[in-house]
Structures are given as structure tokens and as C-alpha cells.
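Coordinates in review
Each chain, written out:
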Amino acid sequence: MRVVFMGTPAFAVPSLDALAAAGHELLAVVAQPDRPAGRGQALREPATKVWARARGVPVLQPEKVRDGKLAAELAALRPDVLCVAAYGRILGRDLLELAPHGAINVHGSILPKYRGAAPIQWAIANGEAETGVSIMQMDEGLDTGDVLLQRVLHVGPTDTAEALGPRLAALGGAALAEGLAGLALGTLVPVRQDAGRATLAPILTREDGKIDWSRPAKVIHDRLRGFSPWPGAWTTLDGKVLKVLEAEPAAAAASPRAEETGVPGAATVVAGAGLSVQCAPGSALLVRRVQLEGKAPQAAADFANGLRRKQLALGT
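What comes next concerns the included structure. (Residues numbered from 1 in each chain as written. Predicted model: local features only at pLDDT ≥ 70, side-chain atom pairs only at ≥ 80, totals over all residues. Heavy atoms only, no water.)

On to the overall build of the protein. Across its full length, the protein holds nine helices and 16 strands. Counting only C-alpha atoms and orienting by the principal axes, one finds that the protein spans roughly 70 × 45 × 30 Å. A burial count over the protein gives 49% of its 316 residues as buried. Summed over its atoms, the accessible surface of the protein is roughly 15200 Å², and 55% of this surface lies on carbon and sulfur atoms. Across the protein, 34 positive and 31 negative side-chain charges occur, with their mean positions spaced 5 Å apart. (Helix = DSSP H or I, 4+ residues; strand = E, 2+ residues; numbered from the N terminus. Buried < 20%, exposed > 50% of the residue type's maximum accessible area, 1.4 Å probe, protein only. Areas by Shrake-Rupley, 256 points an atom, 1.4 Å probe, with all protein chains shown as cover. Lys, Arg positive; Asp, Glu negative; His and termini not counted. Charge placed at Lys NZ, Arg CZ, Asp CG, Glu CD.)

Written out as C-alpha cells, the structure reads:
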């Protein structure tokens, strides 16, 4: 097929690889503009732009996508389909209906669950045992279009969003190639989403990473995994931000009795292990590695020993 691809970050690159390997003709790659990144705030090119330039594929980086200009430029290329993966912009009807096969999206969840900007992160943060990818016929709603194809992926108990993302991206690329083959043959059967089962995965904010120690330890651990690397999991100690870099629900032997710790957030040093932090009644989180604002990361037990305290009150 003659394909225009719309995608920006590294998550979209395996889809480009899959399209190229399947022999589709890539007419252009549309990515968001270069953005400042890192401490120096130097302009950084999107991963898809780097991929396209290395292969001689034309790249478009419009600031606006709903003013009709991009649709006119793409229509002149006469694509059979628009393929979209993590582009980061909402498309208007002019783009959605531009090609004979419309616009096909690679979404990192099993729709209708986790519609929105951060499906991978929220699936892990909510403790899902499995997630996957959906190949969806796009419409003007937020991930509300008919589903053409879905593939499921297991989520391990220690998986983070950072670790799971590349696996889902690879699965998405394979599913996209499979979906385009089905479109060409006319064998795909669109399935309407059940809106009553929909959940949202909104864009993450820094506050999402703030630890509520009154929650069960497993819930806190799942959110830590889902929000890695950003916004991370963090709490406060004596008014300063303390990042929790590594942790796990504490085994019973490593969990102090509630009457010894008092309130959620009370932390006790466990020799050779870390800090056992009281969470919801009957649960504790064993924190292994932390980073106090302005300081380097270090083992949690070393951090507490450096303060010369056997107990800490986190969240203060």
C-alpha cells in the first residue's frame, strides 16, 4: 500500500520498521516539530524523523494539523491509508477521510480500556496482569473508533512502563503490518467498542507520582512501576522531596508491626534490606533505593543511617 505515517516518539519506530519490512511504500513521515529536551534544552529530533531521514523518506513537521494545509499536502501524495502511532495530536475529519482506507491507529492498550495519552503507564499503575495493542479505525473521538485487530501481552509483576513500552511497540508494529494485510484482502471485521467498559488514561502530571502512604503497599508499588521513569514515585521528608527509586511490597518478616510504627509513612530501618514503610493496615513497602532532592541516589538503609535515625516519618 501507499502509506503516510504519522508518529513521533520511539514507540512509533517499530511500526515504521514493520511497514518497510512488509514492502509498503512510505510516502512521508509526519512527526511533531523538534522540541527542547534535557538539561541544556537543546532541540531534539523525534525518533521517527531520525528513522525517516536515514532512509530518504520525506519528513513533515507541521505546527498545526487542523488548518487544512497538512491535509492538502498529504492528499497530493495519494496515499491508500494513513498509519498513526503515538503522533500526539488529534486529527480532524479532513485527515481521517483523506485516504481510501482512512486512518489506522496503533494504540497501546486493549481498547476500550485505557483510552488516552498514557495507556501503558496507567495499565501498570492500576495493577493489570495483561495489556496489549489495538489496531483501530480512527474517528473524531478520543480512541473511540472501531477495533480491527488486537494482540495481548502479559505484564510481569516487576515490569515498569519503561521496560514494557518497547515490547508493546514491537507488538504494535507486527499487528499494524498484519492489519494492513487484512485491509488489503478485505478480511478484517471492524468491532465497535463498548463505551460502557471504557476507562481513561490521561496524560501524566507530577502529582500522579506523589505517594499516598495510606494506600496498600501493592497499589503504591504498581504506581511506582507505572510511573517509571516519569513522574516517578516521590514523597517528602522534613519538607524535602525524596524520590523512591526501588521498592517492593515487604514480606511479613520485613514488615514492622503496626503498633510499632503508628501511622502510614512511618519508616523503620531493616538491616541489610532498606526501609520498611507502613502503608495501609497490614501492609508495608520495603524501600531499597532513594534520592533526596539535590543529592545522588543511594541505598535506602545508607540514607537513613546517614541521618542517624532509626525511624523516619515520610510524607512530612
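From this point on, the discussion continues.
Further remarks concern the environment of leucine 19. Checked against the element boundaries, leucine 19 lands in helix α1 (residues 13–21). Taking the C-alpha atoms as reference points, leucine 19 and proline 33, separated by 14 residues in sequence, lie 23 Å from one another.

We now examine the sheet that holds strand β8 (residues 130–137). Strand pairing in a sheet is mediated by backbone hydrogen bonds. Such pairs are either parallel or antiparallel. On the basis of which strands lie adjacent, the open sheet formed by seven strands has the order β5-β2-β1-β6-β7-β8-β9 and mixed pairing. The sheet is open, and its two borders are formed by β5 (59–60) and β9 (147–154), each paired with just one other strand. Strand direction decides the pairing type here: strand β6 (residues 81–85) and strand β7 (residues 103–107), joined by four bridges, are parallel. Each bridged residue has a counterpart across the sheet, and for alanine 85 the counterpart in β7 is valine 106. Its contacts with the sheet put α1 on β1 (2–7), β2 (25–30), β6 and β7, and the angle it makes with β1 is roughly 170°. The strands touched by helix α2 (residues 47–54) within the sheet are β1, β2 and β5, with β2 carrying the most contacts at an inclination of about 140°. (Pairing = 2+ DSSP bridges. Contact = heavy atoms within 4.5 Å. Axes fitted to C-alpha atoms, helices over the stretch in contact; angles between N-to-C directions.)

Its location among the elements puts threonine 131 in strand β8. Its relative accessible area of 4% is what places threonine 131 among the buried residues. In this view, threonine 131 contacts Gly108, Ser109, Ile110, Ala123, Arg151, Val152, Leu153, Val155, Leu164 and Leu168; residues no more than four positions away in its chain are not counted.

This next bit is on unusual backbone geometry. In most cases, non-glycine residues show a negative phi, while peptide bonds are predominantly trans. Of note, the amide linkage connecting serine 228 to proline 229 takes the cis form, showing an omega dihedral of 10°. On the secondary structure map, proline 229 appears in the loop between α7 (217–226) and β10 (233–237). Of note, the bond from tryptophan 230 into proline 231 is cis; its omega dihedral lies within 30 degrees of zero at 5°. Positionally, proline 231 belongs in the loop between α7 and β10. Although it is not a glycine, aspartate 238 adopts a positive phi angle of roughly 55°.

Given two aromatic rings, their pairing is described by the distance between the two centres and the angle made by the two planes. For the coordinates displayed, the defined rule picks out one aromatic pair. When the ring of tryptophan 122 is compared with that of phenylalanine 227, the centres are 5.2 Å apart and the planes differ by 80°; the resulting orientation is edge-to-face. A residue pair is termed long-range when its members are at least 10 positions apart, and tryptophan 122 in helix α5 (residues 119–125) and phenylalanine 227 in the loop between α7 and β10 qualify at 105 residues. Sitting above the plane of the tryptophan 234 ring, arginine 206 keeps its charged end 4.1 Å from the centroid. (Phe/Tyr/Trp six-rings, centres within 6.5 Å; stacked < 30°, edge-to-face > 60°. Lys NZ or Arg CZ within 6 Å of the ring centre and 35° of its normal.)

What follows deals with the pairing of β7. Burial analysis of β7 places five of its five residues in the buried class, which makes it a mostly covered element. On β7, burial covers both faces: Ala103, Asn105 and His107 on one face and Ile104 and Val106 on the other are all buried.

For the rest of this paragraph, the subject is the nonpolar core. If you look at the biggest cluster of nonpolar residues, it comprises 33 residues, and the most contacted ones within it are Phe5, Leu19, Leu26, Cys83, Leu176 and Leu180. It is helix α6 (residues 161–185) that provides the largest number of residues to this core, a total of eight residues. Counting 23 residues, the second-largest nonpolar core is a separate cluster that includes Ile220, Ala233, Ala300 and Leu312. (Core = buried A, V, L, I, M, F, W, Y, C linked by side-chain atoms within 4.5 Å.)

What follows concerns the side chain of glutamine 193. Along the chain, glutamine 193 falls in the loop between α6 and α7. Polar contacts involving the side chain of glutamine 193 include one to the side chain of arginine 115, which spans 3.0 Å. In this structure the side chain of glutamine 193 is engaged in a polar contact, spanning 3.0 Å, whose partner is the backbone oxygen of aspartate 143. Every residue in contact with glutamine 193, bar those within four places of it in the chain, is listed here: Leu111, Pro112, Arg115, Met136, Asp143, Thr144, Gly145 and Val147. (Polar contact = N/O pair within 3.5 Å; in protein donor to acceptor, adjacent residues only side chain to side chain.)

The next subject is the pairing of strand β12 (residues 266–270). Counting buried positions along β12 yields four of five residues, so the element is predominantly enclosed. Of the strand pairs in this sheet, β12 and strand β16 (residues 311–313) are connected by three bridges, and their pairing is antiparallel. Paired with threonine 268 across the strands is glutamine 311, a residue of β16. Judged from the four bridges that link them, β12 and strand β13 (residues 274–278) form a sheet pairing that is antiparallel. Considered in β13, the bridge of threonine 268 is made with serine 276. Linking β12 to β13, which pair antiparallel, is a turn of three residues; within it glycine 272 sits at a positive phi near 75°.

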